[in-house]
Amino acid sequence: MNKTSSTATDNEIGVDILIIGAGPAGLYGAYYAGFRGLSVAVIDALAEPGGQVSAMYPEKAILDIAGFPSVKGRNLIEGLMAQAAPFDPVYLLGMQARELSHDDDGRVRITTSTGQVVVAGAVVITGGIGTFTPRPLAKGSEFMDRGLSYFVPDLSAHTGKDVVIVGGGDSAFDWAVHLEPIAKSVTLVHRRDRFRAHKSTVAKVQESSVQVLVNADVSAVRGNGWIGEVDITHKQDKSTSTLPAQSVIAALGFTADLGPMMEWGIEIDNRHIAVNTRMETNVPRVYAAGDITDYPGKVRLIAVGFGEAATAVNNAAAVLDPEAEIFPGHSTEQES
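Residues numbered from 1 in each chain as written. Predicted model: local features only at pLDDT ≥ 70, side-chain atom pairs only at ≥ 80, totals over all residues. Heavy atoms only, no water.

1. What about the pattern of salt bridges?
Within the structure shown, the criterion is met by eight salt bridges. Linking Arg-109 and Glu-12 is a salt bridge whose minimum nitrogen-to-oxygen distance equals 3.1 Å. Of this pair, Arg-109 sits in strand 7 (residues 108-112) while Glu-12 sits in strand 1 (residues 12-20), and the two are 97 residues apart along the sequence. Looking at Arg-109, the relative accessible area reads 24%, which means it is partly exposed. Judged by its relative accessible area of 33%, Glu-12 is partly exposed. Between Arg-222 and Glu-229 there is a salt bridge, and its shortest N-O distance comes to 2.8 Å. In this structure Arg-222 comes out as partly exposed when scored by relative accessible area, which is 32%. What emerges from the salt-bridge pattern is a single network uniting Glu-12, Asp-103 and Arg-109. (Salt bridge = Lys/Arg side-chain N within 4 Å of Asp/Glu carboxyl O. Helix = DSSP H or I, 4+ residues; strand = E, 2+ residues; numbered from the N terminus. Buried < 20%, exposed > 50% of the residue type's maximum accessible area, 1.4 Å probe, protein only.)

As structure tokens, this is what we get:
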């Protein structure tokens, strides 16, 4: 196959496959493109690879990855990057894919938010739910990065601190479980008395030393340069209590936005991209895989995203080189 150089020149990169989204499906797609002998670049709006896994639950045990009874999110991402590393993917992080057009020869041209241009034989979109933005905490925004955070990429940063977690979903309860052994104290505050988290995790928190306050809101955040305490307003009796806090984690969910992708002419329904069995979109040489896709019977699991990424890359390879087989054979059949 006549491969394209993946070396940047004058702010333009040429590759065989461009993957938009550096989550698990995208990273596996980078490996599989390399396995097929294709040069590959990966774009992601986040500053580090891993997508939602790295941003939201790097320490969470993931239980539905084939071959691993349990694997931490961080370790899964590290393994996927190590798997792709021998093929030297180009990572373009901290930038968003903005504009899409086609050159005269059919190749796809993507311009990013930083002005970087990538010209690719084919594009595979693995953007999960698109760009996601945390829902803000009503009080305390002035303490952002000075005690207030929305994600927990490093548990050790909260060691020995009084931690207040705001929220009632899986992330809030997962972080409570992981921080309880290392924090000075952990308090979980939720505005209702019902939780969206898995029942087993809720039970684990309720059986621990974590203080769970329901029907309550954080009504004030105070500190001298860094968070020092928070006020909690209890809805039922309108009373207010004050808690020491050097760390406040707002796990209030997030809003998702496909952003500029909505202008690319891709068939999108309810924030999901329609694909066929080859993972093709309705736009030539643009494929999609992972949670961002939709088709009858779609199941949104990381494991499914892996297979979809491989399907997209294999079909793209046959478009780039009509003499290439869609299925190249098993990796065990290749020379080591």
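2. Considerations on the nonpolar core
Counting 61 residues, the largest nonpolar core has Ile-17, Leu-18, Ile-110, Ile-125 and Trp-264 as the members making the most contacts within it. By residue number, the principal contributor to this core is helix 6 (residues 302-320), which donates eight residues. Setting aside residues up to four positions removed in sequence, Trp-264 forms contacts with Ile-20, Ala-97, Arg-98, Glu-99, Leu-100, Ile-110, Ile-125 and Val-283. (Core = buried A, V, L, I, M, F, W, Y, C linked by side-chain atoms within 4.5 Å. Contact = heavy atoms within 4.5 Å.)

3. Some remarks on the packing of aromatic side chains
The tally for this structure, following the rule as stated, stands at eight aromatic pairs. With 5.2 Å between their ring centres and 70° between their planes, Tyr-32 and Phe-35 make a pair best called edge-to-face. Here Tyr-32 pairs with Phe-35, and both are found in helix 1 (residues 24-35), just three residues apart, close to one helical turn. Take Tyr-32: its relative accessible area is 9%, and that puts it in the buried class. Judged by its relative accessible area of 19%, Phe-35 falls in the buried class. Here a set of aromatic residues connected by ring pairs shows up, and it is made of Tyr-28, Tyr-31, Tyr-32, Phe-35, Phe-87 and Phe-306. (Phe/Tyr/Trp six-rings, centres within 6.5 Å; stacked < 30°, edge-to-face > 60°.)

4. Regarding the packing of helix 1 against helix 6
Taken N-terminus to C-terminus, the directions of helix 1 and helix 6 make an angle of 35°; their axes are 8 Å apart at the nearest point. Note that helix 1 runs across helix 6; the crossing there is right-handed. Along its contact with helix 1, which presents Pro-24, Ala-25, Tyr-28, Gly-29, Tyr-32 and Ala-33, the element helix 6 presents Ile-302, Gly-305, Phe-306, Ala-309, Ala-310, Val-313 and Asn-314. When the residues that make up the contact of helix 1 with helix 6 are grouped by side-chain class, the tally is ten nonpolar, three polar and no charged. (Axes fitted to C-alpha atoms, helices over the stretch in contact; angles between N-to-C directions. Left-handed = near helix turned anticlockwise from the far one by under 90°. Nonpolar A, V, L, I, M, F, W, Y, C, P; charged D, E, K, R; others polar.)

5. Overview of the UniProt feature "binding site: FAD" (unreviewed entry) in the protein
Sequence positions flagged by UniProt for "binding site: FAD" (unreviewed entry) are, in local numbering, Asp-44, Gln-52, Tyr-57, Ala-97, Phe-132, Asp-291 and Thr-332. Tracing the sequence through the fold places Tyr-57 in the loop between helix 2 (51-56) and strand 3 (61-62). Among residues more than four places away in sequence, those in contact with Tyr-57 are Gln-52, Ile-62 and Gly-73. The residue Asp-291 is located in the loop between strand 21 (286-288) and strand 22 (293-294) in this model. We classify Asp-291 as partly exposed; its relative accessible area is 30%. (UniProt positions renumbered as here; feature names shortened; annotations may be inferred.)

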